[in-house]
Amino acid sequence: MAYKQLKLWFDEELAKMLANKIQPLHPGFNKRQFIQKVKIGVTPLELKDRVELICDLLQQYISKDFESSWNILEQILGEENEKETGMFKEGYWIMPIAKFVEKYGLNDFNISMKAIEEITKRNTGEYTIRPFIEKHPKRTMKKMLQWSKNKNKHVRRLASEGCRPKLPWATKLQIFIDDPSPILPILENLKDDHSKYVQKSVANNLNDLLKDNYPIAIDILKEWVNQDPSPSRKWIIKHGLRNQLKQGNPEALEIMEQLKKLKH
């Protein structure tokens with residue numbers, strides 16, 4: 001993905017790519033009209049609106065039935081991303097498909113959970129999952145707790161990243177600002193994760209929690225540091241406390257002193 005303004009990747013050429021993947025699986029797909037409507041429609045739009053426009057046109061030109069559309073879209077996702085890279089480096093073209101699940105799959109929970117799991121292995125489901133948390137909080141968090149033990153690092157990362165209370169570019173999850181308890185078992189499962197990609201997400205989740213639920217978050221970090229933490233956990237603790245350390249927070253500084261005294 002050569003450098004150019006991100007929104008410009010969601011254009012006529014991306015529409016052609018999607019259409020060429022879809023048409024062999026769905027002969028009734030009107031490739032010419034789809035491409036033309038994307039070309040005309042995206043011109044005045046910024047990134048998020050371009051992604052949503054393409055998402056809406058997928059729904060219009062494949063099928064109004066979510067399951068039928070997903071059965072086709074799943075087949076074009078391609079190989080899983082083995083790298084520890086984010087949403088703008090690998091599989092960026094999948095973003096309209098993720099938006100499609102977010103917007104049109106809310107009433108098909110089981111299909112959507114499978115869809116999000118497959119999408120995040122190639123791009124990310126961190127934004128797609130949030131409306132499901134808001135509409136089906138218990139069911140979705142139960143699924144995310146399962147994901148926190150998944151063998152795939154991207155799926156484990158989603159378990160943490162998707163429920164961050166203040167994920168950038170996303171609406172805040174007030175439900176977890178009011179009561180962060182559903183997040184805590186997920187962080188507990190991931191506190192020693194070997195993947196740096198997952199570690200960064202756990203640390204960022206803790207950083208979010210420290211802003212609105214400081215007593216809960218700082219107690220977790222104190223407990224973790226007293227359990228002979230692994231190198232992975234030590235990194236998470238330090239990175240999660242970064243803003244508190246910049247502010248000279250005495251409790252954060254004390255935790256760091258404890259870390260320095262550990263052998264590994």
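What counts and what doesn't
Residues numbered from 1 in each chain as written. Predicted model: local features only at pLDDT ≥ 70, side-chain atom pairs only at ≥ 80, totals over all residues. Heavy atoms only, no water. Core = buried A, V, L, I, M, F, W, Y, C linked by side-chain atoms within 4.5 Å. Buried < 20%, exposed > 50% of the residue type's maximum accessible area, 1.4 Å probe, protein only. Helix = DSSP H or I, 4+ residues; strand = E, 2+ residues; numbered from the N terminus. Contact = heavy atoms within 4.5 Å. Expected span 1.5 Å × (residues − 1). 1 Å grid on protein atoms, 1.4 Å probe; cavity = no way out; pocket = protein on both sides within 12 Å on 5 of 7 lines; lining within 4 Å. Points joined across faces, edges and corners; volume = space filled by probe spheres on them. Nonpolar A, V, L, I, M, F, W, Y, C, P; charged D, E, K, R; others polar. Axes fitted to C-alpha atoms, helices over the stretch in contact; angles between N-to-C directions. Parallel < 35°, antiparallel > 145°, perpendicular 65-115°, else oblique. Left-handed = near helix turned anticlockwise from the far one by under 90°. Arc of directions from axis to C-beta. Phe/Tyr/Trp six-rings, centres within 6.5 Å; stacked < 30°, edge-to-face > 60°. Lys NZ or Arg CZ within 6 Å of the ring centre and 35° of its normal. Salt bridge = Lys/Arg side-chain N within 4 Å of Asp/Glu carboxyl O.

Caption draft 1: Inspection of the nonpolar core at higher detail. Counting residues in each nonpolar core, the largest one holds 75 residues, and the members touching the most others are Phe10, Phe34 and Ile97. No other element matches helix α3 (residues 47-61), which puts seven residues into this core. When neighbours within four sequence positions are excluded, phenylalanine 34 is seen to be in contact with Ala15, Leu18, Ala19, Phe29, Ile54, Leu57, Leu58 and Tyr61.

Caption draft 2: Local environment of helix α12 (residues 196-212). Along its 17 residues, α12 runs 25 Å from first to last C-alpha, staying within 8% of the 24 Å computed at 1.5 Å per residue. Of all the 17 residues making up α12, 13 are buried; the element is thus mostly covered by neighbouring parts of the structure.

Caption draft 3: Structural context of the layout of surface pockets. Empty space within the largest pocket amounts to approximately 490 Å³. As for the largest pocket, its lining consists of 21 residues, of which Lys48, Lys99, Glu102, Tyr127 and Trp169 are closest to the centre. Going through the elements one at a time, α3, α5 (95-104) and α7 (130-135) are the ones with two or more residues in the lining of the largest pocket. The element best represented in the lining of the largest pocket is α3, accounting for five residues. By residue class, the composition of the lining of the largest pocket is 10 nonpolar, four polar and seven charged.

Caption draft 4: Seen up close, the packing of helix α4 (residues 66-73) against α5. Taken N-terminus to C-terminus, the directions of α4 and α5 make an angle of 165°; their axes are 11 Å apart at the nearest point. Considering the angle they form, α4 stands roughly antiparallel to α5. Seen from above, α4 lies across α5 with left-handed handedness. Contacts from Phe66, Ser69, Trp70 and Leu73 of α4 reach α5 at Ile97, Phe100, Val101 and Tyr104. Residue classes in the contact of α4 with α5 are distributed as seven nonpolar, one polar and no charged.

Caption draft 5: Spatial organisation of helix α2 (residues 31-42). Taking 1.5 Å of rise per residue, 12 residues should cover 16 Å, and α2 covers 17 Å from first to last C-alpha, within 8% of that figure. Along α2, the residues classified as buried are Phe34, Ile35, Val38 and Val42. The buried residues of α2 occupy an angular sector of 95° when the element is viewed end-on, so they sit on one face. Of the exposed residues in α2, those oriented more than 90 degrees away from the buried face are Arg32 and Ile40.

Caption draft 6: Fine view of the packing of aromatic side chains. Overall, the coordinates contain seven aromatic pairs when judged by the stated rule. With a centroid separation of 6.3 Å and an interplanar angle of 75°, the aromatic rings of phenylalanine 34 and tyrosine 61 are classed as edge-to-face. Residue phenylalanine 34 is located in helix α2, and its partner tyrosine 61 is located in helix α3; the two are separated by 27 residues in the primary sequence. A residue is classified by how much of its surface remains accessible, and phenylalanine 34, at 0% relative accessible area, is buried. One aromatic cluster is present, built from ring pairs that chain together Trp9, Phe10 and Tyr92. Over the aromatic face of phenylalanine 109 sits the side chain of arginine 139, whose NZ or CZ is 4.0 Å from the ring centroid.

Caption draft 7: Highlighting unusual backbone geometry. Positive phi, normally seen in glycine, also occurs at tryptophan 169, with a value near 75°. On the secondary structure map, tryptophan 169 appears in the loop between α9 (153-161) and α10 (174-178). Notably, aspartate 228 is not glycine yet its phi reads approximately 50°, a positive angle. Taking the relative accessible area as the measure of exposure, aspartate 228 reaches 52% and is therefore exposed.

Caption draft 8: The pattern of salt bridges, seen in detail. Inspection of every chain in the model, using the stated rule, returns 20 salt bridges. Linking glutamate 161 and arginine 157 is a salt bridge whose minimum nitrogen-to-oxygen distance equals 3.7 Å. Within this pair, glutamate 161 and its partner arginine 157 are both found in helix α9, separated by four residues, close to a single helical turn. Note that glutamate 251 is salt-bridged to lysine 222, the shortest N-O span being 2.5 Å. Of the two residues, glutamate 251 is situated in helix α16 (residues 250-261) and lysine 222 in helix α13 (residues 214-225); the sequence distance between them amounts to 29 residues. Put simply, Glu80, Lys114, Glu118, Lys121 and Arg122 are held in one network by salt bridges that share partners.

Caption draft 9: Just the environment of arginine 156, in detail. For arginine 156, the position within the fold is in helix α9. The spatial distance from the C-alpha of arginine 156 to the C-alpha of isoleucine 186 is 9.2 Å, given a sequence separation of 30 residues. Once you skip the residues sitting within four places of it in the chain, arginine 156 turns out to touch Trp147, Ser148, Asn150, Lys151, Leu190, Asp193, His194, Ser195 and Val198.

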